[in-house]
Amino acid sequence: MERHYVPSELPTALVLPELWDVGYALDSAETLADGDGEEAAAFLGDLARLYGTWFIGGSVMARGKGGLFNRSQVIDDSGSLVAQYDKVHLVPFITPEDRVFSRGEEACLFDFAGMRAGSIICYDVRFPEWGRVYALRGCELLFVTSQWVRSRMDMIHSMVKSRAMENALYVAFVNNVGVTGGLDFGGRSLVCSPDGEVLAEASGDEDGLFVEIDRGRIGEAREFLQVFRKRLPRLYGDLVREDLP
């Protein structure tokens, strides 16, 4: 592939679904895992340089220090790996990820087009505390890459909208589509504004979206709602307890 950097006046990011490289093939993870995610990062890096775009690389199966990880990769428009994220909350049911992957321990925040952006993966979105951690660290645009089944799409859409509204930030949710290992993934990727408005939604088949982000809406929503100024952390002590059911 010929490599050349094509600068863009308006920075763009192409977002891929969870485990885009091999699919949700957990039974074959030991065989399919990419050594530290290097092969996937190099592949996306070539495309980023060729087309002058960022990639929020969904996630890949990566073999790292401490085991196998469900790892999101962020590639900038010069082809460099600028951030990565190992999934923190691992699915314990249907196809238990916690039997295959080691969990991450760190959030993933990076600068994109003058905005503070972050990346999480699928089941992570069920935990509002994690979304709030990102917001408190300055996140304005949260990427959620996913493998979510078709029968439960209304559920994930509700959570995506909630994370956007409660933190007054943009959420870009990208989901896989098709059947893998007997599971039917539902597509219907969407982008939500800081007030929960659905700016665009894909179909349940192979599809793509292009959405332009207006950063000004973040400040307006946060100024009006004051959800950060009015927080009372002294009342939230149970959030750090691990002995609750």
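What you see is a predicted model, and the numbers here were worked out from it, not measured in a lab.

Each value, and the rule that gives it
- Residues numbered from 1 in each chain as written.
- Predicted model: local features only at pLDDT ≥ 70, side-chain atom pairs only at ≥ 80, totals over all residues.
- Heavy atoms only, no water.
- Helix = DSSP H or I, 4+ residues; strand = E, 2+ residues; numbered from the N terminus.
- Rg over C-alpha atoms; globule rule 2.2 N^0.38 Å.
- Buried < 20%, exposed > 50% of the residue type's maximum accessible area, 1.4 Å probe, protein only.
- Core = buried A, V, L, I, M, F, W, Y, C linked by side-chain atoms within 4.5 Å.
- Contact = heavy atoms within 4.5 Å.
- Pairing = 2+ DSSP bridges.
- Arc of directions from axis to C-beta.

A. Quick peek at the overall build of the protein. Scanning the protein for helices and strands turns up five helices and 14 strands. Taken against the 2.2 N^0.38 rule, which gives 18 Å for 245 residues, the C-alpha radius of gyration of the protein at 18 Å falls within 12% of a compact globule. Taken along the three principal axes of its C-alpha coordinates, the protein extends 50 × 50 × 35 Å. For the protein, with 245 residues in total, the buried portion stands at 48%.

B. Local environment of the nonpolar core. Core analysis: the largest hydrophobic core is formed by 40 residues, its most contacted members being Tyr 85, Phe 110, Ile 120, Tyr 134, Leu 142 and Ile 156. The element that contributes the greatest number of residues to this core is helix 4 (residues 153-167), accounting for five residues. Ignoring sequence-local partners within four residues, the contact set of Tyr 134 consists of Tyr 85, Ala 107, Cys 108, Leu 109, Gly 118, Ser 119, Ile 120, Cys 139 and Leu 142. Within the second largest apolar cluster, 14 residues are counted, among which are Tyr 24, Leu 68, Tyr 123 and Phe 185.

C. Focus on the pairing of strand 4 (residues 60-64). Across the five residues of strand 4, four count as buried, placing the element largely inside the fold. Both strand 4 and strand 5 (residues 67-75) contribute to a ladder of five bridges, which runs antiparallel. Looking at the pairing, Met 61 lines up with Asn 70 of strand 5. Linking two consecutive strands that pair antiparallel, namely strand 4 and strand 5, is a turn of two residues; a positive phi of about 105° is found at Gly 66 within it.

D. Structural context of the environment of Phe 101. As for its placement among the helices and strands, Phe 101 is situated in the loop between strand 6 (81-86) and strand 7 (109-112). Residue Phe 101 is classed as buried on the basis of its relative accessible area, which comes to 5%. Sequence-wise, Phe 101 and Phe 69 are 32 residues apart; in three dimensions their C-alpha atoms are separated by 5.0 Å.

E. View of helix 3 (residues 128-136). When we look at burial in helix 3, the residues that qualify are Trp 130, Gly 131, Tyr 134 and Ala 135. The buried residues of helix 3 occupy an angular sector of 145° when projected down its axis, which confines them to one face. A positive backbone phi angle near 100° is found at Gly 138, which sits one or two residues after helix 3.

Coordinates in, geometry out; function isn't part of it.
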